[in-house]
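Breakdown of the fold
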Amino acid sequence: MREKLARFMYGRYGVDEFSRFLLMAVLVIVIVNLFFPSALWAALMLAGIIFIYSRMFSKNHTRCNAQNQWYLSKVRRLSCYKDFRTHHIYTCKSCRQKIRIPRGKGKIMVRCPRCGFEFIKRS
């Protein structure tokens with residue numbers, strides 16, 4: 001049985017981070033539907049499950065990989081804001097490079113690693 005499943009999945013895309021996120025979203029919708037039953041929740045569950053399985057069984061690796069990269073870029077963008085309590089993020093006025101400076105150091109001279117432009121900022 002295991003070999004048959006492995007043969008069936010050969011060449012197919014499988015599960016990635018975006019699929020796991022969608023699966024968690026569908027599980028949340030299932031829980032919400034238990035407490036607040038509605039045809040809308042049922043339709044969202046069905047659409048989510050169909051989309052997840054169509055991605056898993058797809059042989060179009062480029063499309064699925066592009067969707068996963070789009071999702072990962074959004075997650076990375078959100079994760080860069082998690083250290084705002086410990087660091088300041090300044091932008092170089094010369095080259096627009098983002099520079100991360102630790103908080104609590106007082107006034108410091110910041111030097112851009114890309115262009116070498118120096119400016120004074122309060123951390």
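Coordinates for the structure precede this section.
Our subject in this report is the structure included herewith. (Residues numbered from 1 in each chain as written. Predicted model: local features only at pLDDT ≥ 70, side-chain atom pairs only at ≥ 80, totals over all residues. Heavy atoms only, no water.)

**A word on the environment of Leu23**
Inclusion rule: Helix numbering and strand numbering both begin at the N terminus, where a helix is a DSSP run of H or I of at least 4 residues and a strand a DSSP run of E of at least 2. The cut-offs for exposure are 20% and 50% of the maximum accessible area for each residue type, with area from a 1.4 Å probe on protein chains only; residues under the lower value are buried, those over the upper are exposed, and the others partly exposed.
When you line up the elements, Leu23 lands in helix α2 (residues 17-35). Using a relative accessible area of 42% as the deciding quantity, one classes Leu23 as partly exposed. For the pair Leu23 and Ile52, spaced 29 residues apart in the sequence, the C-alpha separation amounts to 7.2 Å.

**Thoughts on the side chain of His87**
Note the cut-off: Distance and chemistry together define a polar contact, namely a pair of N or O atoms within 3.5 Å, with one atom able to donate a hydrogen and the other to accept it when in protein, and with adjacent residues in sequence counting only for side-chain atoms on both sides. Any two residues having at least one pair of non-hydrogen atoms within 4.5 Å are treated as being in contact.
Of note, His87 is situated in strand β1 (residues 87-91). For His87, a relative accessible area of 19% translates into the label buried. At a separation of 2.8 Å, a polar atom in the side chain of His87 contacts the side chain of Thr86. In contact with His87, other than residues within four places in its own chain, are Arg100, Ile101, Pro102 and Arg103.

**Side note on the side chain of Gln67**
With respect to the helices, strands and loops of the structure, Gln67 is situated in helix α4 (residues 61-79). Looking at Gln67, its side chain comes within polar contact range of the side chain of Arg55, at 2.6 Å.

**Side note on the environment of Leu22**
Relative to the helices and strands, Leu22 resides in helix α2. Residue classification places Leu22 among the buried positions, given a relative accessible area of 16%. In the structure, Leu22 is positioned 70 residues away from Cys92 in sequence and 38 Å away in space, judged by C-alpha atoms. Among residues more than four places away in sequence, those in contact with Leu22 are Phe51 and Ile52.

**Details of the pattern of salt bridges**
Here is the rule we go by: Take a side-chain nitrogen of Lys or Arg and a carboxyl oxygen of Asp or Glu: if they are within 4 Å of each other, that pair is a salt bridge.
Under the defined criterion, the tally for this structure stands at 3 salt bridges. The closest approach of N and O atoms between Asp16 and Arg55, which form a salt bridge, is 3.1 Å. Note that Asp16 is positioned in the loop between α1 (2-9) and α2 and Arg55 in helix α3 (residues 39-56), a separation of 39 residues in sequence. Residues Asp16 and Arg55 agree in their burial class; the two are buried.

**Focus on the nonpolar core**
Quick note on the threshold: Only buried Ala, Val, Leu, Ile, Met, Phe, Trp, Tyr and Cys residues count toward a nonpolar core, and they belong to the same one when joined by side-chain atoms within 4.5 Å.
Core analysis: the largest hydrophobic core is formed by 8 residues, namely Tyr90, Cys92, Cys95, Ile99, Ile101, Val110, Cys112 and Phe119. Not counting residues up to four positions away in its chain, the partners in contact with Ile101 are His87, His88, Tyr90, Ile108, Val110 and Ser123.

Read these as geometric descriptors, not functional statements.
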